[in-house]
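Below, each chain spelled out in residue letters.
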Amino acid sequence: MKKILQILLFGTLCIILYACPYSSAYNIDEEPNIYVEDALIGDWLAYIQPQGTSRQESITMSLRKRSDTEYDISFTGYLDAIKQYNKITGDSLSGTAFMSTVDGMQFLNIKINSRVYIAQLVFKNDNLSLLPLAEHFTNKMIFNSQDLRNSVSFHYKTRVHPVLDDDFCLRNMVKLD
């Protein structure tokens, strides 16, 4: 009986860990050093399909200039997937973000509630995609920003498809402004 309980708890833990975007106490860069891109400023609309449903829900991501190198970022709309992790209490989720580049790819370091989430940012054909790394993208312990940078670089160099948290990906967002 004890063995079955351990297996059940381990299975539940695996499901919970695989259903979260990667978060860290560290950014890819210790300090922001890439200037805010004016083309990204504004409100962006994405449609997602929640798991187990056939309906489309909308999420709006708002990027505002906080400083020369930082953004204010907020998400509003269908946030039920985030509510189950107790990361949101109202109708929106807000934080700050700044851009980093790793091997020619752009990433946002998104800080929400003292945790940093790393998401690849793809701007193509006037559409914006925000693709957060999954919690299990690396099995290395991260002790500083350089470790995180090296892990992200290694991950993208050794995978045909990066390990993303598909439940939190916002693909092909269109600008509302």
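This text goes with the structure placed above it.
Let us look at the structure shown here. Starting from 1, residues in each chain are numbered consecutively following that chain's sequence as written. Only residues with pLDDT of 70 or above have their local features reported here, since the model is predicted, and side-chain atom pairs are shown and tallied only from 80 upward, although totals for entire chains, interfaces and linings are computed over all residues. Remark: hydrogens and water are excluded; side-chain values derive from all non-hydrogen atoms of the structure.

## Overview of the pattern of salt bridges
Then, in step 1: Only one rule defines a salt bridge in this text: a Lys or Arg side-chain nitrogen within 4 Å of an Asp or Glu carboxyl oxygen. Within this structure, the stated rule accounts for 7 salt bridges.
Then, in step 2: Asp43 is paired through a salt bridge with Arg64; the nearest N and O atoms lie 3.0 Å apart. In this pair, Asp43 is assigned in strand E2 (residues 42-48) and Arg64 in strand E3 (residues 57-65), connecting sequence segments 21 residues apart.
Then, in step 3: With its nearest N and O atoms 2.6 Å apart, the salt bridge here joins Asp72 to Arg66. A run of H or I in DSSP becomes a helix once it reaches four residues, and a run of E becomes a strand once it reaches two; helices and strands are each numbered from the N terminus.

## Side note on the packing of aromatic side chains
Then, in step 1: Two rings from Phe, Tyr or Trp (for Trp, the six-membered ring) form a pair when their centres sit within 6.5 Å of each other. Planes less than 30 degrees apart are called stacked, planes more than 60 degrees apart edge-to-face, and all others tilted. Under the defined criterion, the tally for this structure stands at 3 aromatic pairs.
Then, in step 2: Their ring planes at 85 degrees and their centres at 6.1 Å tell us that Trp44 and Phe123 sit as a pair that is edge-to-face. Residue Trp44 is located in strand E2, and its partner Phe123 is located in strand E7 (residues 115-124); the two are separated by 79 residues in the primary sequence.
Then, in step 3: For Trp44, a relative accessible area of 1% gives the class buried.
Then, in step 4: Note on classification: 1.4 Å probe, protein chains only; a residue is buried when its accessible area is under 20% of the maximum for its type, exposed when over 50%, partly exposed between these limits. Note on Phe123: relative accessible area 35%, which makes it partly exposed.
Then, in step 5: For the ring pair Phe107 and Tyr156, a centre distance of 5.3 Å and an interplane angle of 80 degrees mean the geometry is edge-to-face. Here Phe107, found in strand E6 (residues 105-112), pairs with Tyr156, found in helix H3 (residues 145-158); they are 49 residues apart in sequence, far enough to count as distant.
Then, in step 6: For Phe107, a relative accessible area of 0% gives the class buried.

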